Amino acid sequence: VLGCTSITGHAPVLSHGLGSLHLKAGAAALLRIRQPVRSGNAVPPPAMEAEGDHFDFNGDEHDLDRIVEALDQKRIAYEQEGKYEEAENTKQRLEQLQAQVEQKRREDMKSRQLTERLGVEEAHMKELQEFNACWDQKVAEFEAHAASLQAQLRERHDKEFEDCREKFLRDTEPRTARWSRDLLNLRKIQETLAKMKKYGEAAKTKAQADAVEAKETEAWRQRREGKIRGLEEQFLHKQSLEMSGLTKRIVSGREEQKQARKLELERLLQRYHNVKSQLESQQKIATWRYERQTPRPSSALSNMSISSRHSFVR
């Protein structure tokens, strides 16, 4: 299975992120407004000086809870004192803070989910590269082994053919020419004329006998070479069948290897699609739960802390 990180939402936020949250009013001023309540009457906290429309806030969840609590106390104090205009302004600022916080939560969740999906993609690409490298090596080893087998067989065939050719030349019958009766008679006549000192007639007979012998020798040579050639062709055909059998086994092994690689690749891709689909499904459920449990800006933030509302998306 792919060596990806979390599937359920624990991946790190992207470093380039979506920027820091800009919240309404100054954090320091918000924290200074918390005042104790005396004898049932809320003492209004000191006014909050605005230090610009937005400020960069990089605090943790508890700091956000403190800011929300301080704003809500200020709103309650204004309400009890009858300062409804100030209470309305504070409520609006509270709702703006809630909207900005929720927007950042959504961006953070999208960033985490994107990181998880990228992690799955990167793990898949790495596994695919390792798969291709492994199979490329297997193919190279197979081809090298096949070439070695063919070379060894070819070398053995060459040696065996040379040995058999020598045997054919040495043992194939008839190893010597068998003279005809006419040639033998001419040689006897030649010898008889020579003994009778009829050298002229003996020379003519010898020339005639030599011509017949040459003709019969050529006929014997051709018949013998033809026979040897037939034996060689039979031997080469046998070797050809052996080489053809090896080639067929190599082709069959190559095809089996190709099918095995295809099947394993299909399994790898199926695992990747399963993990990807499972991750997307879990992220959709997490997003749906988040949207369902996230209060609208008009809701009172003081009823639930920010950190507790979002603990389920951790």
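Above: the structure in question.
Given the structure is predicted, the values throughout are model-derived calculations rather than measurements. (Residues numbered from 1 in each chain as written. Predicted model: local features only at pLDDT ≥ 70, side-chain atom pairs only at ≥ 80, totals over all residues. Heavy atoms only, no water.)

Caption draft 1: Inspection of the packing of aromatic side chains at higher detail. Following the criterion strictly, the structure yields one aromatic pair and no others. Measuring from ring centre to ring centre gives 6.4 Å for phenylalanine 131 and tryptophan 135, while their planes differ by 55°; the resulting arrangement is tilted. Within this pair, phenylalanine 131 and its partner tryptophan 135 are both found in helix α3 (residues 84–171), separated by four residues, close to a single helical turn. No difference in accessibility class separates phenylalanine 131 from tryptophan 135, as the two residues are buried. Seen from the ring of tryptophan 135, lysine 138 lies directly overhead, with NZ or CZ sitting 4.3 Å from the centre. (Phe/Tyr/Trp six-rings, centres within 6.5 Å; stacked < 30°, edge-to-face > 60°. Helix = DSSP H or I, 4+ residues; strand = E, 2+ residues; numbered from the N terminus. Buried < 20%, exposed > 50% of the residue type's maximum accessible area, 1.4 Å probe, protein only. Lys NZ or Arg CZ within 6 Å of the ring centre and 35° of its normal.)

Caption draft 2: Representation of the nonpolar core within the structure. The biggest cluster of nonpolar side chains holds seven residues, and these are Leu64, Ile67, Val68, Leu71, Leu94, Leu97 and Val101. Ranked by residue count, the leading element in this core is helix α2 (residues 61–81), at four residues. (Core = buried A, V, L, I, M, F, W, Y, C linked by side-chain atoms within 4.5 Å.)

Caption draft 3: Representation of the side chain of glutamine 190. Assignment of secondary structure puts glutamine 190 in helix α4 (residues 181–195). Contacts of glutamine 190, omitting those with residues within four sequence positions, involve Ala202, Thr205, Lys206 and Ala209. (Contact = heavy atoms within 4.5 Å.)

Caption draft 4: Expanded view of the packing of α3 against helix α5 (residues 199–293). Interaxial distance between α3 and α5 falls to 10 Å at its minimum, and their mutual angle equals 175°. It follows that α3 is roughly antiparallel to α5 by the angle criterion. Each residue belonging to the contact of α3 with α5 can be placed in one class, and the counts come to 30 nonpolar, eleven polar and 25 charged. (Axes fitted to C-alpha atoms, helices over the stretch in contact; angles between N-to-C directions. Parallel < 35°, antiparallel > 145°, perpendicular 65-115°, else oblique. Nonpolar A, V, L, I, M, F, W, Y, C, P; charged D, E, K, R; others polar.)

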